[in-house]
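Here's the letter readout for the chains.
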Amino acid sequence: MDFNMKKLASDAGVFFSRAVQFTEEKLGQAEKTELDAHFENLLAKADCTKNWTEKILHQTEVLLQPNPSVRVEEFLYEKLDRKVPSRVTNGELLAQYMVEAANDFGPGTPYGKTLLKVGETQKRLGGAERDFMHSASINFLNPLRSFLEGDWRTISKERRILENRRLDLDACKARLKKAKAAEAKASLWSDEVEKAEHELRVAQTDFDRQAEVTRLLLEGISSTHVNHLRCLHEFVESQTTYYAQGYQYMLDLQKQLGRFPGTFVGNAGSTSPPPATTSPTTVAATIPVVPTVGRAPNPATAVEGALNLNDVKPPASGTRKARVLYDYEAADSRELALLADEMITVYSLPGMDPDWLIGERGNQKGKVPVTYLELLS
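Summarised in this report is the structure supplied together with it. Residues take numbers from 1 onward in each chain, read along the sequence in its written order. For a predicted model such as this one, the threshold for reporting local features is a pLDDT of at least 70, and the threshold for listing and counting side-chain atom pairs is 80 or more; totals across whole chains, interfaces and linings nevertheless cover every residue. Excluding hydrogens and water, the side-chain figures rest on all heavy atoms present in the structure.

Notes on the overall build of the protein chain
Counted only if it meets this: Secondary structure elements are taken from DSSP: a helix is a run of H or I of four residues or more, a strand is a run of E of two residues or more, and numbering for both begins at the N terminus. Each residue gets one of three labels from its accessible area relative to the maximum for its type: buried under 20%, exposed over 50%, partly exposed in between, using a 1.4 Å probe on protein chains only. Contacts are residue-level and defined by heavy atoms, with any inter-residue pair within 4.5 Å sufficient. Only the protein chains shown count as cover for residues, with accessible areas throughout obtained via the Shrake-Rupley method and a probe of 1.4 Å.
Looking only at helices and strands, the protein chain features 9 helices and 5 strands. Along the protein chain, from the amino end to the carboxyl end, the secondary structure elements read α-α-α-α-α-α-α-α-α-β-β-β-β-β. Across the 377 residues that make up the protein chain, the buried fraction comes to 34%. A separation threshold of at least 6 residues defines the contact pool for the protein chain, and within that pool the share at least 24 residues apart is 70%. Put simply, the protein chain shows about 23400 Å² of open surface, and 57% of that area lies on carbon and sulfur atoms.

Written as structure tokens, this is what we have:
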């Protein structure tokens, strides 16, 4: 008990001495042992590495798992050394909904068949996302965490010890200075001076030893950068594979749906029918317009005349076949109702709104929106 009390008193005395030295340094009342420029550069490099590693780690976690509550839950599972429960990705969940919807709507209907195809692709995308998240976690996140929770904690611990050794050294310097000042006044050799010199030698030795240990750890930051560079390359490769898989899956889906890139009119990449008022930029070049003789008619009167279905005659040339992309319900008797995947004949008339064409299906005839069509050669 006496030993513990003596140790406690000794530790309290050391703590008090360091606190006094630290306070006096902050107030400019005491000298501070400065580290050399190389050491200061190593400290700055270490702090910079730690700060940016934390930010990159956090933002990568956000990229892989945008839901903050899920990230907190996974963090708690890791701290409790429990296995993180398996979760479906957003793509896999969307795929599940699409398949269930297709079964309700009827897998034989155009909408149901398309839902099944898109759902299968979403499932594949979800699986690719899961593989990417797993690979990124192992090859990139874990090494960053290992540095922060392992090497950096060791560096921080040794830096704190070095700071304490420096405070002890400066406190010993201050005591020796005071002892020598007292000795000069008394004009005799003081035991306090000898004791202060001995304490200073011990403190200097401890400080030098700790500075060397800390320096070696700080110089290891360069090897940490090399390791993180390798991990970064692996992260990029994983992400490249993920996006390449996603691109290939979507190309395969487009082929299954008969939607080939570069062959569409209007917003071909949309998965829902575009508004009929959307103006495609290439319509005028894809539909031949019947040439007119003499002065061009007023667009409004030409359109009105063209909409008189009894008088509308297809041009001798310039008609094209078109596949209907989406169901379309006619707004009035001048328009032609459409069903997805059916084939119709289309053509344009002079002065007609470029967003519309005349469509024919057997004896039926009427205006049809261009953005609902895939024009065929």
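Here we look at the pattern of salt bridges
The cut-off we apply is this: Whenever Lys or Arg places a side-chain nitrogen within 4 Å of a carboxyl oxygen from Asp or Glu, that contact is recorded as a salt bridge.
Applying the stated criterion across every chain, the model contains 16 salt bridges. Between arginine 130 and glutamate 92 there is a salt bridge; the shortest N-O distance is 2.6 Å. With arginine 130 in helix α5 (residues 110-186) and glutamate 92 in helix α4 (residues 90-105), this pair connects stretches of sequence that are 38 residues apart. Arginine 166 is the salt-bridge partner of glutamate 163, the closest N and O atoms lying 2.8 Å from each other. With a gap of 3 residues between them, glutamate 163 and arginine 166 both fall in helix α5, about one helical turn apart. Among the residues examined, glutamate 163 registers a relative accessible area of 31% and is labelled partly exposed.

Here's the deal with the sheet that holds strand β3 (residues 356-361)
Rules: Two strands make a pair as long as DSSP finds a minimum of two bridges between them. Only the stretch in contact is used when fitting a helix axis, every axis being a line fitted to C-alpha atoms; angles between N-to-C directions are given from 0 to 180 degrees.
One open sheet accounts for 5 strands, arranged β4-β3-β2-β1-β5; its pairing is antiparallel. Strands with a single pairing partner mark the edges of an open sheet, and in this sheet they are β4 (364-369) and β5 (373-375). Across this sheet, the average inter-strand angle for adjacent strands is 40°, counted without regard to direction. Across 4 bridges, strand β1 (residues 320-324) lies against strand β2 (residues 343-347) in antiparallel orientation. Pairing of arginine 323 across the sheet is with methionine 343, part of β2.

Some points on α4
This is how it is decided: To estimate how far a helix should reach, multiply one less than its number of residues by 1.5 Å. Arc definition: it is the arc formed by the directions from the helix axis to the C-beta atoms.
Across its 16 residues, α4 extends 22 Å between first and last C-alpha, which sits within 8% of the 22 Å expected from 1.5 Å per residue. The complete set of buried residues in α4 reads Gly91, Glu92, Ala95, Met98 and Ala102. Projected down its long axis, α4 carries its buried residues within an arc of 120°, all on one side. Among the exposed residues of α4, those oriented more than 90 degrees off its buried face are Asn90 and Asp104. Positive backbone phi, approximately 110°, marks glycine 106, located one or two places after α4.

Some thoughts on the pairing of β2
Burial of β2 is extensive: 4 of the 5 residues sit out of reach of the surface. Here 3 bridges tie β2 to β3, and the two strands are oriented antiparallel to one another. Its bridge partner being in β3, threonine 345 is matched across the sheet by glutamate 360.

Let's talk about unusual backbone geometry
Here aspartate 341, not a glycine, exhibits a phi torsion of approximately 80°, which is positive. The residue aspartate 341 is located in the loop between β1 and β2 in this model. A residue is classified by how much of its surface remains accessible, and aspartate 341, at 46% relative accessible area, is partly exposed.

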